[in-house]
Amino acid sequence: PALYTITGGGNYCAGGTGVNITLSSSTIGVNYQLILNGTTPVGSPVVGTSFALSFGPVTSAGTYTVIATDATTGCINNMSGSATVSINALPTAQSVTGGGGFCLGGSGVFIGCLLTQAGVNYQLLLSGSPVGSPIAGTGSAISFGLITTGGPYTVQATNTATGCVNMMSGTATVTVNPLPTVSLTNTTTTI
């Protein structure tokens, strides 16, 4: 079989859909088998079309090659090059801390993240919308400060090098309690 070049591969975030691996062209009557780490066939052979071939997104880390087999003669040829797939870890899920109730007009309540990672930014979210700016992880606990708007808060972590995103575990709910109502009644006593 004619020699074609393998392209694609790369990095993707754990839990993602993977990355594509392709062959620059193909020949009708030739079957192309994707191979992981030189020994393991991945999926079924793809039939040549005279055009470039896609082996679809792959999710296993390793080095991929392609072996072409002529369906008529049984002759085999290794395609040129290889594609490497790596999986980037998500930021480690840590617990969201704080929240609670406070009286209207009070200073609010703290929300934080129990443990953080260097190289990861932490964004506080109120009902899914960002609140303030992301805070860089320090390797220890962080605080988003005093929060005065009621609602459910979560935290999203983003690895600054890979772009991988993970939600931290739990929710911190802030409740703004109304002040008691004062009612004065004027009473008159007649003697």
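Visitor: Would you explain the nonpolar core in this entry?
Guide: For soluble globular proteins, nonpolar side chains are generally found buried alongside one another. Counting residues in each nonpolar core, the largest one holds 19 residues, and the members touching the most others are I21, L23, Y32, V66 and M79. Among the elements of the structure, β3 (19-23), β4 (30-36), β6 (53-58), β7 (62-70) and β9 (83-88) are those that each provide at least two residues to this core. If you tally residues by element for this core, the top one is β4, at four residues. Ignoring anything within four residues of it in the chain, the contact list for V66 reads I6, L23, Y32, Q33, L34, F55, N77, N78 and M79. With 18 residues, the next largest nonpolar core counts V109, C113, I147 and M168 among its residues.

Visitor: Just checking my understanding: could you explain the pairing of β4 for this structure?
Guide: Within a regular strand, side chains alternate between the sheet's two faces. Of all seven residues in β4, six are buried; the element is thus mostly enclosed. Taken together, the seven bridges between β4 and β7 define a ladder with antiparallel strand orientation. Bridge assignment links L36 to a residue of β7, and that residue is Y64. Bridging between β4 and strand β5 (residues 40-47) involves five bridges; their strand directions are antiparallel.

Visitor: Please explain the sheet that holds strand β1 (residues 6-8) as it appears in this structure.
Guide: Consider a sheet: its strands pair through backbone hydrogen bonds, and that pairing is either parallel or antiparallel. The strand order across the open sheet formed by three strands is β1-β3-β6, and the pairing between neighbours is antiparallel. What marks the edges here is a single partner per strand, and that holds for β1 and β6. Mean inter-strand twist for the sheet, computed between neighbouring axes without regard to direction, equals 20 degrees. Pairing geometry for β1 and β3, over three bridges, is antiparallel. When the bridges of β3 are listed, G8 appears paired with I21.

Visitor: So what exactly am I meant to see when it comes to the pairing of β5 here?
Guide: In terms of burial, β5 is largely open, as just zero of its eight residues are buried. Turn length for the β4-β5 hairpin, with the two strands adjacent in sequence and antiparallel, is three residues, and the turn residue N37 shows positive phi of about 55 degrees.

Visitor: Teacher, can you tell me more about the environment of L184 here?
Guide: Its location among the elements puts L184 in the segment after β18 (172-177). Looking at L184, the relative accessible area reads 79%, which means it is exposed. With 130 residues separating them in the primary sequence, L184 and S54 have C-alpha atoms 79 Å apart.

Visitor: Would you mind showing me how to read the sheet that holds strand β12 (residues 109-113) here?
Guide: Overall, antiparallel pairing links the three strands, which are arranged β10-β12-β15 in an open sheet. Pairing within the sheet leaves two strands with one partner each, and these edge strands are β10 (96-98) and β15 (142-147). The sheet shows a mean angle of 20 degrees between the axes of neighbouring strands, direction not considered. When β10 meets β12, the two strands line up antiparallel, connected through three bridges. Paired with T97 across the two strands is G112, which belongs to β12.

Visitor: What should I look at first to understand the state of the cysteines in this one?
Guide: Disulfides are covalent bonds that link the sulfur atoms of two cysteine residues. The full count for this structure, using the stated rule, is one disulfide. The disulfide partner of C13 is C164, and the gap between their sulfur atoms is 2.0 Å. Every disulfide takes its handedness from the sign of the S-S torsion; for C13 and C164 that torsion is -95 degrees, giving left-handed. Here C13 is found in strand β2 (residues 10-13), whereas its partner C164 is found in the loop between β16 (151-159) and β17 (165-167), with 151 residues between them in sequence. Here C13 falls in the partly exposed class, since its relative accessible area comes to 24%.

Visitor: Where do I start with unusual backbone geometry in this structure?
Guide: Residues apart from glycine generally show negative phi values, whereas peptide bonds are mostly found in trans. Unlike most non-glycine residues, S50 shows phi in positive territory, near 80 degrees. Mapped onto the secondary structure, S50 falls in the loop between β5 and β6. The backbone of S127 sits at a positive phi, close to 50 degrees, despite the residue not being glycine.

Definitions and cut-offs
Along every chain, residues carry numbers that run from 1 in the direction the sequence is written. A pLDDT threshold of at least 70 governs which residues receive local features in this predicted model, and a stricter bar of 80 or more applies before side-chain atom pairs are shown or counted, although totals over entire chains, interfaces and linings include all residues. Excluding hydrogens and water, the side-chain values take into account all heavy atoms of the structure. The definition of a nonpolar core used throughout is a set of buried Ala, Val, Leu, Ile, Met, Phe, Trp, Tyr and Cys residues joined through side-chain atoms within 4.5 Å. Working definition: with a 1.4 Å probe on protein chains only, accessible area under 20% of the residue-type maximum means buried, over 50% means exposed, and in between means partly exposed. Starting at the N terminus, helices and strands are each numbered in turn, a helix being any DSSP run of H or I of at least four residues and a strand any DSSP run of E of at least two. We call two residues in contact when some of their heavy atoms are within 4.5 Å. Here a strand pair is declared whenever DSSP counts at least two bridges between the two strands. Axis definition: a line fitted to C-alpha atoms, limited for helices to the stretch in contact. Angles are taken between N-to-C directions and run from 0 to 180 degrees. The disulfide criterion is simple: two cysteine sulfur atoms within 2.5 Å.

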